[in-house]
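Each chain, letter by letter, is given below.
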Amino acid sequence: MYPNLYYAFKDLFGAELPFLKIFQTFGFFVAIAFLAAAYVLTVELRRRERLGWLQGVQETIETGKAATAPELVWNGVLGFLLGFKVIGALLDWGTVSQDVQGFVMSGQGNWIAGIVLGAGLVWLKYNDKKKKATAAPKKETIVVMPHQRVPDFTVMAAIAGLIGAKIFHNLENWNDFVQDPWGSLISFSGLTFYGGLIVAAIVIIRYANKKHINTFHLIDSAAPALMLAYGVGRMGCHFAGDGDWGINNPRPNPFSWLPNWAWAYNYPHNVVNEGIPIPGCDGKYCHMLAVPVYPTALYEIIVCILLFLVLWSIRKKITIPGVIFGIYLMLNGIERFFIEKIRVNTRYSIFGFHPTQAEIISSLMVIGGAVLIWYSRKVYSAKTTS
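Residues numbered from 1 in each chain as written. Predicted model: local features only at pLDDT ≥ 70, side-chain atom pairs only at ≥ 80, totals over all residues. Heavy atoms only, no water.

### Things to note about the state of the cysteines
Here is step 1: Taken as a whole and judged by the stated rule, the model has 1 disulfide.
Here is step 2: Here Cys281 pairs with Cys286 through a disulfide, and the sulfurs are 2.0 Å apart. Sign of the S-S torsion, about -65° for the bond between Cys281 and Cys286, identifies this disulfide as left-handed.
Here is step 3: Residue classification places Cys281 among the partly exposed residues on the basis of a relative accessible area of 26%.
Here is step 4: What makes Cys286 buried here is its relative accessible area of 7%.
Here is step 5: Summary of cysteine pairing: Cys237 is not part of a disulfide, and the nearest cysteine sulfur, belonging to Cys304, is at 11 Å.
Here is step 6: Of the residues examined, Cys304 reaches a relative accessible area of 0% and is grouped as buried. (Disulfide = S-S within 2.5 Å. Buried < 20%, exposed > 50% of the residue type's maximum accessible area, 1.4 Å probe, protein only.)

See below:
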């Protein structure tokens with residue numbers, strides 16, 4: 001496994017590049033997932049705009065203004081953080097490379113580099129705005145199309161999704177959170193997809209309503225993107241070994257054509273340092289599981305990418321708004337419900353049943369998807385007959 005890209009390059013290419021330790025494998029794949037989802041969402045929104053299903057909204061902007069105080073403050077803060085942490089890390093890489101995560105979350109850094117870079121970005125912003133400023137700033141009316149708001153959607157999904165994923169994960173693992181609250185909050189692992197999906201969806205739909213974007217067409221456009229993002233994001237879970245694996249599976253591989261690691265895997269060098277020490281290994285990530293487990297993240301990668309292809313192939317054939325997202329909810333819910341049967345997760349006790357948090361939410365997703373399809377078809381039928 002590859003807790004960061006340093007391990008990946010060392011294993012795949014035999015190259016030791018210490019600076020790659022700063023790039024966590026999980027974070028790398030999450031970033032790729034967001035970029036892939038943003039691209040797919042943009043393509044689908046553009047298609048629906050061409051069909052006339054989505055329209056732009058007029059907005060007034062002001063040009064020719066000098067730099068505002070918030071702009072200068074933001075550039076100063078951003079420059080300071082980059083100088084304080086990034087340059088600070090490079091200047092003391094020998095020490096920082098031993099615990100990159102600890103350095104990022106600590107108060108350590110290079111104050112001089114932070115102040116200099118912060119002041120530099122403030123000056124650049126001020127000078128750039130000054131060159132473009134006019135004696136009398138003027139207002140212009142422009143039309144902003146839904147696909148042009150994808151960067152806003154992406155930033156909102158990243159922030160709200162991270163908060164939601166952390167909240168739901170810590171609720172699911174409350175005992176671990178109580179023992180180390182700060183460590184649980186700042187850890188690069190320990191995220192619950194459904195928590196991120198729920199919180200991000202609430203934030204984005206509220207924003208879309210304010211911008212007069214049709215909610216049903218927006219969520220239909222997002223359905224394939226969400227499925228793809230989930231599959232790509234699970235690559236981060238699998239390759240980093242972040243604990244999202246299955247139950248113990250010591251049984252021999254019954255499929256001769258299947259590699260052993262696809263049936264039962266020990267997750268060596270996993271990012272959570274779980275298991276037993278690896279003989280001869282010296283470093284931070286030197287543990288592997290004592291008993292091999294089902295690589296459930298690998299299974300979800302395969303299934304979700306296939307489901308993405310299904311959604312992508314039917315999106316042009318289904319024209320009733322809301323149905324595509326309803327299908328997404330049902331497919332994702334069914335996939336997650338069954339994978340939970342071989343995953344390691346906290347179980348609750350409810351009226352004699354012992355479901356996991358994901359089983360409860362996935363069941364609600366299946367029901368919600370069915371209700372959404374029924375409701376969307378009913379509303380569409382009423383509109384066409386009226």
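### Examining the packing of aromatic side chains
Here is step 1: One pass over the structure, following the stated rule, counts 18 aromatic pairs.
Here is step 2: Residues Trp245 and Tyr267 carry aromatic rings whose centres are separated by 5.1 Å and whose planes lie at 35° to one another, so their mutual orientation is tilted. With a gap of 22 residues between them, Trp245 in the loop between helix H11 (215-240) and strand E3 (276-277) and Tyr267 in the loop between H11 and E3 connect regions that are remote in the sequence.
Here is step 3: Given the relative accessible area of 1%, Tyr267 is considered buried. (Phe/Tyr/Trp six-rings, centres within 6.5 Å; stacked < 30°, edge-to-face > 60°. Helix = DSSP H or I, 4+ residues; strand = E, 2+ residues; numbered from the N terminus.)

### Focus: the pattern of salt bridges
When their charged atoms lie close together, side chains carrying opposite charge are able to pair.
Here is step 1: Across all of its chains, the model carries 14 salt bridges by this definition.
Here is step 2: Of the charged contacts, one joins Glu59 and Lys211 as a salt bridge, the two residues approaching to 3.4 Å between their closest N and O atoms. Pair noted here: Glu59 is in strand E1 (residues 57-63) and Lys211 is in the loop between helix H10 (193-210) and H11, with a separation of 152 residues, a long-range link.
Here is step 3: Here Glu59 falls in the partly exposed class, since its relative accessible area comes to 23%.
Here is step 4: Lys132 serves as the salt-bridge partner of Asp128, at 3.6 Å between the closest nitrogen and oxygen. Note that Asp128 and Lys132 are positioned in helix H6 (residues 111-132) at a spacing of 4 residues, about one turn of the helix. (Salt bridge = Lys/Arg side-chain N within 4 Å of Asp/Glu carboxyl O.)

### Brief notes about the packing of helix H3 (residues 69-91) against H6
Here is step 1: Their axes nearest at 7 Å, the elements H3 and H6 cross at an angle of 145°. Pair H3 / H6 crosses with right-handed handedness. Between H3 and H6, the residues in contact are Glu71, Leu72, Asn75, Gly76, Leu78, Gly79, Phe80, Leu82, Gly83, Phe84 and Ile87 and Trp111, Ala113, Gly114, Ile115, Leu117, Gly118, Leu121, Val122, Lys125, Tyr126 and Lys129, respectively.
Here is step 2: Classifying every residue of the contact of H3 with H6 gives 13 nonpolar, 6 polar and 3 charged. (Axes fitted to C-alpha atoms, helices over the stretch in contact; angles between N-to-C directions. Left-handed = near helix turned anticlockwise from the far one by under 90°. Contact = heavy atoms within 4.5 Å. Nonpolar A, V, L, I, M, F, W, Y, C, P; charged D, E, K, R; others polar.)

### Here's the deal with a nonpolar patch on the surface
Here is step 1: Taken together, the side chains of Ile350, Phe351, Phe353, Ile360, Leu364, Ile367, Val371, Trp374 and Tyr375 present a nonpolar region at the surface, about 1,000 Å² in accessible area.
Here is step 2: Take Ile360: it is sitting in helix H14 (residues 357-385). (Patch = residues over 30% accessible without salt bridge, like charges linked within 9 Å, V, L, I, M, F, W, Y side chains within 5 Å. Areas by Shrake-Rupley, 256 points an atom, 1.4 Å probe, with all protein chains shown as cover.)

### Quick word on the side chain of Asp242
Here is step 1: Note that Asp242 resides in the loop between H11 and E3.
Here is step 2: One buried charged residue, Asp242, remains without a salt bridge, the closest side chain of opposite sign being Arg234 at 5.5 Å.
Here is step 3: Here the side chain of Asp242 touches Asp244 through a polar contact of 3.1 Å, landing on its backbone nitrogen. (Lys, Arg positive; Asp, Glu negative; His and termini not counted. Polar contact = N/O pair within 3.5 Å; in protein donor to acceptor, adjacent residues only side chain to side chain.)

### Quick look at the UniProt feature "transmembrane region" (unreviewed entry) in the protein chain
Here is step 1: Per the UniProt entry, the sites bearing "transmembrane region" (unreviewed entry) are residues 20-41, 72-91, 111-128, 149-168, 188-208, 297-314, 320-339 and 360-376 in this numbering.
Here is step 2: Split by type, residues 297-314 is 100% helix and 0% strand. Its first and last C-alpha atoms lie 26 Å apart.
Here is step 3: Here residues 360-376 runs as 100% helix and 0% strand, with 24 Å between its end C-alpha atoms. (UniProt positions renumbered as here; feature names shortened; annotations may be inferred.)

### Re the nonpolar core
Here is step 1: Leu41, Phe153, Leu218, Met227, Phe325 and Tyr328 are the most contacted members of the largest nonpolar core, which totals 45 residues.
Here is step 2: Elements with a contribution of two residues or more to this core: helix H2 (25-50), helix H7 (150-172), H10, H11, helix H12 (296-314), helix H13 (323-339) and H14.
Here is step 3: Per-element accounting of this core gives the leading share, 10 residues, to H11.
Here is step 4: Those residues in contact with Phe153 that lie beyond four places of it in its chain are Leu41, Pro146, Ile204, Tyr207, Ile213 and Leu218. (Core = buried A, V, L, I, M, F, W, Y, C linked by side-chain atoms within 4.5 Å.)

### Describing H2
Here is step 1: Relative to the 38 Å expected for 26 residues at 1.5 Å per residue, H2 spans 38 Å between its end C-alpha atoms, a close match to the ideal helical length.
Here is step 2: Gly52 sits one or two positions beyond H2 and adopts a positive phi of about 85°. (Expected span 1.5 Å × (residues − 1).)

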